[in-house]
Amino acid sequence: MSRLSPLSEEPISEEEDNNNSKYCSKKGHQKWRSWLKNQFSLLIFNKKQSDVKILLSVLGCPLFPVSLHPKQPISHVTSSAHYIIQHFTAATGCRKLDGKVKNMFATGKVTMAMAEDQLGSAGGAATGVPQKGCFVMWQMAPNKWLIELVVGGHKVVAGSDGDVAWRHTPWLRAHAAKGGVRPLRRALQGLDPVAVSDMFSLAQYMGEKRIMAVDCFVLKLSADQTDLADRSDNTAEMIKHVIFGYFSQRNGLLVYLEDSYLTRIQCPGAHPTYWETMIGTKIEDYRTVEGVMIAHSGLSSAIITRFGDNLKAGPTITRMEETWSIDDLAFNVPGLSADCFIPPQEVQRDYLDETLDWRSPLHE
């Protein structure tokens, strides 16, 4: 509370007394407004930091559902997928990179925004304050990659040395991912057409579908039960993780990626809670880089649904978006070696012990 104004030791008129009261009232009102402004600023700041944390956890550096498999003979079951991938490789010209490209480097910008939590509906556009940032990514065949992403003053680093994938965040420090080594999803958003063709060459053909006014062939990849079990533990069970690739029938290019994963989380003595995360990415602006077509921009939308018997208010849905663009991309960067992908010491020390998985985006 404000201090009381001092009493006057000399007689004052009624008019002067009224003026003094008005002055004190105005001064107190200004202080009250200032206090409210400070409190709201703190609330907005804390909300902003929380939003950035969730955005980076979900959209920052998610992994592809399956590991890069060794090349296998084409069977009758995968012949349709093989035909679609042949069309893709011809459209991008990526086969000319086989045996010639040892590594890749890319830099880009991102803008992330988060919508308010919604009940029972996933509609509506993102309404959060846009958070701008940038990233740099290095990749070396076959499973070595590293990405540094800075958004809203927070930096996330993730990588793989071919044996273990790991991530470092300001709130969890460095930790390894459960399960086998998987590619970085961002690299398969049209940045690495060779990896796209290798990953989807043994996919399941799902038919045709029109999306974003483009007639597409749809291919599906799913994590098998062994992978899902490796990425589960006593309290969190990974139930499914699938991804769909949409390839344009007209030009053969990958124009959309859509993946979803479902996790069941249950602590002893509590009801299970289910988290379903769906990420859809529009891939566009293909340009030629050293004779190969590379996507240079896109839009990713994520929807996180939390549901279970213990949620009395019903399912909770959170929606967020990211626009991204590529500033520079180059192949065969001099000086880039396997030593650049060595995990942090704490990851190497803890890898054989208990590791954390990147499954429930909001538990982090």
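What you see is a predicted model, and the numbers here were worked out from it, not measured in a lab. (Residues numbered from 1 in each chain as written. Predicted model: local features only at pLDDT ≥ 70, side-chain atom pairs only at ≥ 80, totals over all residues. Heavy atoms only, no water.)

**Comments concerning the overall build of the protein**
- Helix and strand counts for the protein stand at five helices and 14 strands.
- Taken across its 364 residues, the protein has 45% of its residues classed as buried.
- Considering only residue pairs separated by 6 or more positions, the protein has 65% of its internal contacts joining residues 24 or more positions apart. (Helix = DSSP H or I, 4+ residues; strand = E, 2+ residues; numbered from the N terminus. Buried < 20%, exposed > 50% of the residue type's maximum accessible area, 1.4 Å probe, protein only. Contact = heavy atoms within 4.5 Å.)

**Brief notes about the environment of methionine 114**
- Mapped onto the elements of the fold, methionine 114 is located in strand β1 (residues 103-114).
- Judged by its relative accessible area of 5%, methionine 114 is buried.
- Expressed as a C-alpha distance, the spacing of methionine 114 and glutamine 131, which sit 17 residues apart in the sequence, is 9.1 Å.

**A word on unusual backbone geometry**
- The phi dihedral of alanine 213 falls on the positive side, at around 65°, and the residue is not glycine.
- Structurally, alanine 213 can be placed in the loop between β8 (204-211) and β9 (214-222).
- For alanine 213, a relative accessible area of 60% translates into the label exposed.
- One non-glycine residue, aspartate 285, lies in the positive phi region at around 55°.
- Checked against the element boundaries, aspartate 285 lands in strand β12 (residues 273-289).
- Assessed through its relative accessible area of 33%, aspartate 285 is described here as partly exposed.

**Focus on the packing of aromatic side chains**
- Tallied over the entire structure, the rule returns seven aromatic pairs.
- Look at phenylalanine 88 and phenylalanine 247: their rings are 5.6 Å apart centre to centre, the planes differ by 80°, and that puts the pair in the edge-to-face class. Taken together, the positions of phenylalanine 88 in helix α2 (residues 79-92) and phenylalanine 247 in strand β10 (residues 236-248) put the pair 159 residues apart, joining distant regions of the chain. Phenylalanine 247 carries the same exposure label as phenylalanine 88, and that label is buried.
- Arranged with centres 5.6 Å apart and planes meeting at 80°, the rings of phenylalanine 200 and phenylalanine 247 form a pair that is edge-to-face. Of this pair, phenylalanine 200 sits in helix α3 (residues 193-200) while phenylalanine 247 sits in strand β10, placing them 47 residues apart in sequence.
- Relative accessible area serves as the criterion here: at 0%, phenylalanine 200 is assigned to the buried category.
- Among the aromatic residues, ring-to-ring pairing joins Phe64, Phe88, Phe200 and Phe247 into one connected group.
- Over the ring of phenylalanine 135 we find arginine 186; its NZ or CZ atom is 5.1 Å from the centre of that ring. (Phe/Tyr/Trp six-rings, centres within 6.5 Å; stacked < 30°, edge-to-face > 60°. Lys NZ or Arg CZ within 6 Å of the ring centre and 35° of its normal.)

**Some details on the packing of α2 against α3**
- Relative orientation of the contacting elements α2 and α3 amounts to 170°, with a least axis distance of 9 Å. Judged by the angle between their axes, α2 and α3 are roughly antiparallel. Taking contact as the criterion, the partners of Ala81, Ile85, Phe88, Thr89 and Thr92 in α2 are, on α3, Pro193, Val196, Ser197 and Phe200.
- A per-class count over the contact of α2 with α3 returns six nonpolar, three polar and no charged. (Axes fitted to C-alpha atoms, helices over the stretch in contact; angles between N-to-C directions. Parallel < 35°, antiparallel > 145°, perpendicular 65-115°, else oblique. Nonpolar A, V, L, I, M, F, W, Y, C, P; charged D, E, K, R; others polar.)

**Quick word on the environment of tyrosine 274**
- Along the chain, tyrosine 274 turns up in strand β12.
- Once the C-alpha coordinates of tyrosine 274 and phenylalanine 307 are considered, the two residues, 33 residues apart in sequence, prove to be 5.3 Å apart.
- Those residues in contact with tyrosine 274 that lie beyond four places of it in its chain are Ile239, Leu262, Thr263, Arg264, Thr305, Arg306 and Phe307.

**Regarding the confidence of the model for the protein**
- Counting all residues, the mean pLDDT for the protein is 81, and 76% of those residues have values of 70 or more.
- Here strand β2 (residues 118-119) stands out as the element of the protein with the lowest mean pLDDT, 44, in contrast to β9, whose mean of 96 is the highest.
- Segment residues 118-124: pLDDT under 50, and 14 contacts once partners within four positions in sequence are set aside and those in other chains are kept.
- Counting interchain partners and residues more than four positions distant, the pLDDT-below-50 stretch residues 354-364 has 46 contacts. (pLDDT = per-residue confidence, 0-100.)

**Comments concerning the pairing of strand β6 (residues 165-169)**
- For β6, the tally of buried residues reaches four of five residues, placing the bulk of the element in the interior.
- The pairing of strand β5 (residues 154-161) with β6 spans four bridges and is classified as antiparallel. What sits directly across from valine 157, in β6, is histidine 168.
- Here β5 folds back onto β6, and the loop between the two strands holds three residues, one of which, glycine 162, carries a positive phi near 100°.
- Both β6 and strand β7 (residues 173-176) contribute to a ladder of four bridges, which runs antiparallel. Paired with threonine 169 across the strands is arginine 173, a residue of β7.
- Counted between consecutive antiparallel strands, the loop separating β6 from β7 contains three residues. (Pairing = 2+ DSSP bridges.)

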